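Residues per chain, in single letters:
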Amino acid sequence: VVKINIAGDPSMITVYPNPVKNGFIGVSFTDQPKGYYDIKLFGGNGQLMLRQGINHPGGSQRIKLPVSSRFAQGIYNLEIILPEGKKRSFKVVIE
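None of the values given here were measured: they were computed from a predicted structure.

What counts and how
Residues numbered from 1 in each chain as written. Predicted model: local features only at pLDDT ≥ 70, side-chain atom pairs only at ≥ 80, totals over all residues. Heavy atoms only, no water. Core = buried A, V, L, I, M, F, W, Y, C linked by side-chain atoms within 4.5 Å. Buried < 20%, exposed > 50% of the residue type's maximum accessible area, 1.4 Å probe, protein only. Helix = DSSP H or I, 4+ residues; strand = E, 2+ residues; numbered from the N terminus. Contact = heavy atoms within 4.5 Å. pLDDT = per-residue confidence, 0-100. Salt bridge = Lys/Arg side-chain N within 4 Å of Asp/Glu carboxyl O. Pairing = 2+ DSSP bridges.

**A closer look at the nonpolar core**
Core analysis: the biggest nonpolar cluster contains 23 residues, and I25 and L78 have the highest contact counts within it. Secondary-structure elements contributing two or more residues to this core are β1 (12-21), β2 (24-32), β3 (35-42), β4 (48-56), β5 (59-66), β6 (74-81) and β7 (87-94). Once residues within four sequence positions are removed from consideration, I25 is found in contact with V15, Y16, V20, L41, I63, K64, L65, V67, L78 and V92.

Take a look at the structure:
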């Protein structure tokens, strides 16, 4: 017997808006475990542009990452290292 969840896993991390507007990248944690999350933003050439760690209390939370005018327009890679060491990656467009 195998349990199938058609609706998908309700716990997730989303990045918004994409493309980025108003100088902030929003990160939404939904039903995520408590722990330290390491967030890194890399430029198209692989250069680390921004790094921020957060101690997430568990559950759901929204944070904003500042993206200053020094960031050139283009596609960036946002990586989030979860407390258990897994990595989630997102492509982010900065206009």
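**Remarks on the confidence of the model for the protein chain**
When pLDDT is averaged along the protein chain, the result is 89, and 89% of the positions lie at 70 or above. When mean pLDDT is compared element by element in the protein chain, β3 scores highest at 98, while β1 scores lowest at 92.

**Here's the deal with the pattern of salt bridges**
Under the definition given, this model contains three salt bridges. When the shortest N-O distance is used, the salt bridge between K40 and D38 registers 3.9 Å. The pair K40 / D38 is uniform in exposure class, with both members buried. Salt-bridge contacts for K87 lead to E79; the nearest nitrogen and oxygen are separated by 3.6 Å. The structure contains a network of salt bridges with shared partners spanning D38, K40 and R51.

**Some words on the side chain of S28**
Along the chain, S28 turns up in strand β2. S28 sits in the buried class, given a relative accessible area of 9%. Setting aside residues no more than four positions away along its own chain, S28 makes contact with M12, I13, T14, Y16, Q61 and R62.

**Re the pairing of β4**
Pairing between β3 and β4: eight bridges, direction antiparallel. In the sheet register, F42 faces β4, and the bridge partner there is L48. As consecutive antiparallel partners, β3 and β4 are separated by five residues, and within that stretch G46 has a phi angle of approximately 90°, a positive value.

**Considerations on unusual backbone geometry**
Glycine aside, residues mostly have negative phi angles, and peptide bonds mostly take the trans form. With omega at -25°, the peptide bond leading from Y16 into P17 counts as cis. Of note, the bond from N18 into P19 is cis; its omega dihedral lies within 30 degrees of zero at 20°. Positionally, P19 belongs in strand β1. Even without a glycine there, the phi angle at N22 is positive, about 60°. In this structure, N22 sits in the loop between β1 and β2.

**Description of the environment of G26**
Note on placement: G26 falls in strand β2. According to the relative accessible area criterion, G26 is buried, its value standing at 3%. When near neighbours in sequence (up to four residues on either side) are disregarded, G26 contacts T14, V15, Y16 and I63.

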